[in-house]
Amino acid sequence: SAPGFVDEASPAFISFRKRFVARNGQLPYTYSRLGYEFLFFLRHTMTEHGVYFIPGLQREPFTPGVIQQGYDFNSSRDNQYVPFVTFREGRLELVK
């Protein structure tokens, strides 16, 4: 399992990395990626459910991520989605 897995070949991540390097002059660290993802998740959650977002998240089956795979808080207060990866041809890939 790889809860923090990011497909670095995805168009969304490539776009994020280009913008980050242009603005900061260096590659994004793990915490930069996590912060970016979290802010998009927070914006989506607050827009959809407002300040009482926990019951709303518990009714959603799955919330796709921006550069990570996504989240599933259905009937829980914890993320139930954990992506699994495999090593194939020299790179990590999501197991589907």
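On a predicted model such as this, the values are computed, not experimentally measured, just so you know.

**With respect to the pattern of salt bridges**
Consideration 1: Summed over all chains, the structure comprises four salt bridges.
Consideration 2: Note that D7 is salt-bridged to R91, the shortest N-O span being 2.9 Å. Placement of the pair is D7 in the segment before α1 (11-24) and R91 in strand β4 (residues 91-94), with a sequence separation of 84 residues.
Consideration 3: Accessibility expressed as a relative area gives 35% for R91, which makes it partly exposed.
Consideration 4: Taking the shortest distance from any N to any O, the salt bridge between E8 and R33 comes out at 3.4 Å. Remark: R33 occurs in helix α2 (residues 30-49) and E8 occurs in the segment before α1; sequence separation between them is 25 residues.
Consideration 5: By relative accessible area, R33 is classed as buried at 17%.
Consideration 6: The network of salt bridges with common partners includes D7, R88, R91 and E93.

**Let's talk about unusual backbone geometry**
Consideration 1: Within the chain, S75 stands out as a residue other than glycine whose phi angle is a positive 60 degrees.
Consideration 2: Looking at the secondary structure, you find S75 in the loop between β2 (70-71) and β3 (85-88).
Consideration 3: Taking relative accessible area as the criterion, S75 reaches 67% and is therefore assigned exposed.
Consideration 4: Despite not being glycine, E89 has its phi angle at roughly 50 degrees, a positive value.
Consideration 5: Structurally, E89 can be placed in the loop between β3 and β4.

**Let's talk about the pairing of β4**
Consideration 1: Both β3 and β4 contribute to a ladder of four bridges, which runs antiparallel. Following the sheet pairing, R88 is matched in β4 by R91.
Consideration 2: Hairpin connection of β3 to β4: two residues between the antiparallel strands, including E89 at a positive phi of 50 degrees.

**Some details on the packing of aromatic side chains**
Consideration 1: In the structure shown here, the tally under the stated rule is seven aromatic pairs.
Consideration 2: Between F41 and Y71, the aromatic rings sit 4.7 Å apart at their centres with planes inclined by 50 degrees, giving tilted as the arrangement. Placement of the pair is F41 in helix α2 and Y71 in strand β2, with a sequence separation of 30 residues.
Consideration 3: On the numbers, 5.2 Å between centres and 75 degrees between planes, the contact of F62 with Y81 is edge-to-face. Of this pair, F62 sits in the loop between α3 (53-59) and β1 (63-64) while Y81 sits in the loop between β2 and β3, and the two are 19 residues apart along the sequence.
Consideration 4: The exposure class assigned to F62 is partly exposed, which follows from its relative accessible area of 35%.
Consideration 5: Owing to a relative accessible area of 25%, Y81 belongs among the partly exposed residues under this scheme.

What counts, and at which threshold
- Residues numbered from 1 in each chain as written.
- Predicted model: local features only at pLDDT ≥ 70, side-chain atom pairs only at ≥ 80, totals over all residues.
- Heavy atoms only, no water.
- Salt bridge = Lys/Arg side-chain N within 4 Å of Asp/Glu carboxyl O.
- Helix = DSSP H or I, 4+ residues; strand = E, 2+ residues; numbered from the N terminus.
- Buried < 20%, exposed > 50% of the residue type's maximum accessible area, 1.4 Å probe, protein only.
- Pairing = 2+ DSSP bridges.
- Phe/Tyr/Trp six-rings, centres within 6.5 Å; stacked < 30°, edge-to-face > 60°.

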